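# A closer look at the structure
Letter by letter, the chains look like this.
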Amino acid sequence: MHVEVRGLDKHFGSFHAVKDVSFGIQKGHLIGLLGPSGGGKTSILRMLAGLETPDSGEILFHGKRVNDLPTQERGIGFVFQNYALFKHMTVFENIAYGLKVKKAPKAQIRDRVTELVELTGLKGFEQRYPQQLSGGQRQRVAFARALAPEPQLLLLDEPFAAIDAKIRQELRSWLRELIERVGITSIFVTHDQDEAIEVADEIMVISQGRVEQKGTPWHIYKEPATPFVASFIGESTQVEHAAKLHGFDLAAAKAGTRALIRPEYVEAGRPNEFTLLSATEEGVVRHLHFRGSQWLVEVQVGEQSLITYRSLEKDSLQVGDPVRVLVHRAYLYNDERSWIAENRFKADPMSMMI
Ligand SMILES: Nc1ncnc2c1ncn2[C@@H]1O[C@H](COP(=O)(O)OP(=O)(O)OP(=O)(O)O)[C@@H](O)[C@H]1O
């Protein structure tokens, strides 16, 4: 189902929880609502579901306004963190529930439950009760139950929040596959950026009731539209005085312009690792953190500390080692605007010849 939201607004008393939110979701896409706690993600989901009434704005399913349609007529399936299974019902009965309420014929219910049990990898568990299942299995039952009545939109609110890290990881890829196979338009609320990046076709970053940015995970990571997005997603260090960034054309930077720099845009190493030494700055290794497949290196350049990764293949560095440092790219921002700046020594190969 194609979903369109236009100018959605919601107050709770005098608190402005959702501010002029607009977005569209293509049929069959999974969109992740990502942002800090209290940002308004759940409120947006509840309005889509008809569990909360917007102050203003429109919700369109297939181009038709559904603002006044009751929840049960919106064709929505839910999986919430606390949307518990019915304890006194077996897995089979839990999955069958929505179809029973709709008074579907018995044979149809049986066929659909069998299909979903297979789809969600729960074969053999049909007669178990929820307390006889692991957390991950219970959540899979919750998905099967939500999908049984063939909803057109699936709303997922932190569905894995209560599950251990290891199983959670498995469930993420499982969910991705499931959604692809079923081809259902889905909205997934999370405050975990790794989860959103891994699972979603598109991410919408929400903070303080507003959409900060919407785009593919790659786009959001690589080209953050606002300082909030740049600092919320991925690792970075902040440089207070952008004017000191060596090799950058900072004509547009004013006093007070700050920079965010991701570790992959910083290169730190021994002098012989650089072709143009004068393009680099002097630094010293302050900390080394072993990250399994690489080192996370903290270097000090003047007063500024920066982080970077270093491959295990290269010469190992020690704390206290002098290094040369080159910053390739920075996200700059002041009060009015934010933009991406490239180091001319990196961005323009001709300048390397100077
Ligand atoms: N029924 C309500 N009455 C009053 N305030 C509410 C109500 N529902 C939500 N709020 C407030 O609106 C704000 C947004 O809440 P919401 O649950 O939508 O945020 P969220 O981004 O989903 O956060 P979380 O990740 O913690 O669930 C919060 O400050 C919350 O306290």
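Note that this is a predicted model, so its numbers are computed, not measured.

### Regarding the overall build of the chain
Helices and strands together make up the secondary structure of the chain, namely nine helices and 19 strands. For the chain, contacts bridging at least 24 residues in sequence account for 63% of all contacts bridging at least 6.

### Notes on the site of the ligand
Around the ligand, the neighbouring residues are F12, F15, A17, G35, S37, G38, G39, G40, K41, T42, S43 and H191. Top element by residues in the shell around the ligand is helix α1 (residues 41-49). It accounts for three residues. Taken together, the residues of the shell around the ligand sort by class into three nonpolar, eight polar and one charged.

### Examining the sheet that holds strand β15 (residues 294-301)
The antiparallel open sheet is built from five strands, whose spatial order is β13-β17-β14-β15-β16. Where the open sheet ends on each side, the last strands, each with one partner, are β13 (266-269) and β16 (304-311). Within this sheet the neighbouring strands show an average axis-to-axis angle of 40°, counted without direction. Where β15 meets β16, eight bridges bridge the pair, whose relative direction is antiparallel. Looking across to β16, one finds that V297 is bridged to T308.

### Details of the sheet that holds strand β11 (residues 237-239)
Here we have four strands laid out as an open sheet, ordered β11-β12-β18-β19, and antiparallel in their pairing. Each of the sheet's edge strands pairs with one partner strand only, and the pair in question is β11 and β19 (338-342). With strand direction ignored, the average angle separating the axes of adjacent strands in the sheet is 30°. Here strand β12 (residues 258-261) runs beside strand β18 (residues 329-333); their pairing, made up of three bridges, is antiparallel. Bridging from a neighbouring strand, R258 pairs with Y333 of β18.

### Overview of the environment of Q72
With respect to the helices and strands, Q72 occurs in the loop between β5 (64-65) and β6 (76-80). By the C-beta count within 10 Å, which is 12 here, Q72 ends up exposed.

### Things to note about helix α5 (residues 165-182)
Between its first and last C-alpha, α5 extends 25 Å over 18 residues, near the 26 Å set by a 1.5 Å rise per residue. Every buried residue of α5 is listed here: L171, R172, L175, L178 and I179. Across the axial projection of α5, the buried residues extend over an arc of 140°, all falling on one side. Counted as exposed and oriented over 90 degrees from the buried face of α5: K166, S173, E177, E180 and R181. Looking at the packing, one finds that the buried side of α5 touches β3 (30-34), α3 (106-119), α4 (135-147), β8 (185-190) and α6 (193-199). Once α5 finishes, G183 follows within two positions and takes phi at roughly 70°, a positive value.

### Overview of the pairing of strand β14 (residues 281-290)
Summarising the sheet, β14 and strand β17 (residues 322-327) pair through four bridges and their orientation is antiparallel. Considered in β17, the bridge of V284 is made with P322. Hairpin remark: β14 followed by β15, antiparallel, with three residues in the connecting loop; positive phi at G292, about 85°.

### Let's talk about the domain arrangement of the chain
As assigned here, the chain comprises domain 1 (3-228) and domain 2 (235-353). One C-alpha centre belongs to domain 1, the other to domain 2, and the line joining them spans 40 Å. Contacts between domain 1 and domain 2 engage four residues on the former and five residues on the latter. Of the residues contributing to the side of domain 1 that touches domain 2, the split by class is two nonpolar, one polar and one charged.

### Details of the environment of L306
Tracing the chain through its elements places L306 in strand β16. Note: C-alpha distance between L306 and Q238 (68 residues apart in sequence) is 8.1 Å. Each residue touching L306, except ones within four places of it in the same chain, is listed here: T237, I261, V266, V299, V301 and V325.

### Here's the deal with the packing of helix α2 (residues 91-101) against α4
Close contact between α2 and α4 brings their axes to 7 Å; oriented N to C, the two are set at 30°. With respect to α4, the axis of α2 lies roughly parallel. Crossing geometry of α2 relative to α4 is assigned as right-handed. Counting all contacts with α2, which are made through V91, N94, I95, Y97 and G98, the residues of α4 involved are V141, A144 and R145. Across the contact of α2 with α4, the residue classes break down as five nonpolar, two polar and one charged.

### Re the nonpolar core
Residues I95, A144, A259 and A330 are the most contacted members of the largest nonpolar core, which totals 85 residues. The leading source of residues in this core is α4, at six residues. Viewed by domain, this core spans two of them, domain 1 (3-228) and domain 2 (235-353), each represented by three or more residues. Excluding residues within four positions of it along the chain, A259 makes contact with V239, A242, L245, A330, Y331 and L332.

Cut-off values and rules
- Residues numbered from 1 in each chain as written.
- Predicted model: local features only at pLDDT ≥ 70, side-chain atom pairs only at ≥ 80, totals over all residues.
- Helix = DSSP H or I, 4+ residues; strand = E, 2+ residues; numbered from the N terminus.
- Contact = placed C-beta atoms within 7 Å.
- Near = placed C-beta within 6 Å.
- Nonpolar A, V, L, I, M, F, W, Y, C, P; charged D, E, K, R; others polar.
- Pairing = 2+ DSSP bridges.
- Axes fitted to C-alpha atoms, helices over the stretch in contact; angles between N-to-C directions.
- Buried ≥ 20, exposed ≤ 12 C-beta atoms within 10 Å, placed from the backbone.
- Expected span 1.5 Å × (residues − 1).
- Arc of directions from axis to C-beta.
- Domains from an automatic or database assignment.
- Parallel < 35°, antiparallel > 145°, perpendicular 65-115°, else oblique.
- Left-handed = near helix turned anticlockwise from the far one by under 90°.
- Core = buried A, V, L, I, M, F, W, Y, C linked by C-beta atoms within 7 Å.

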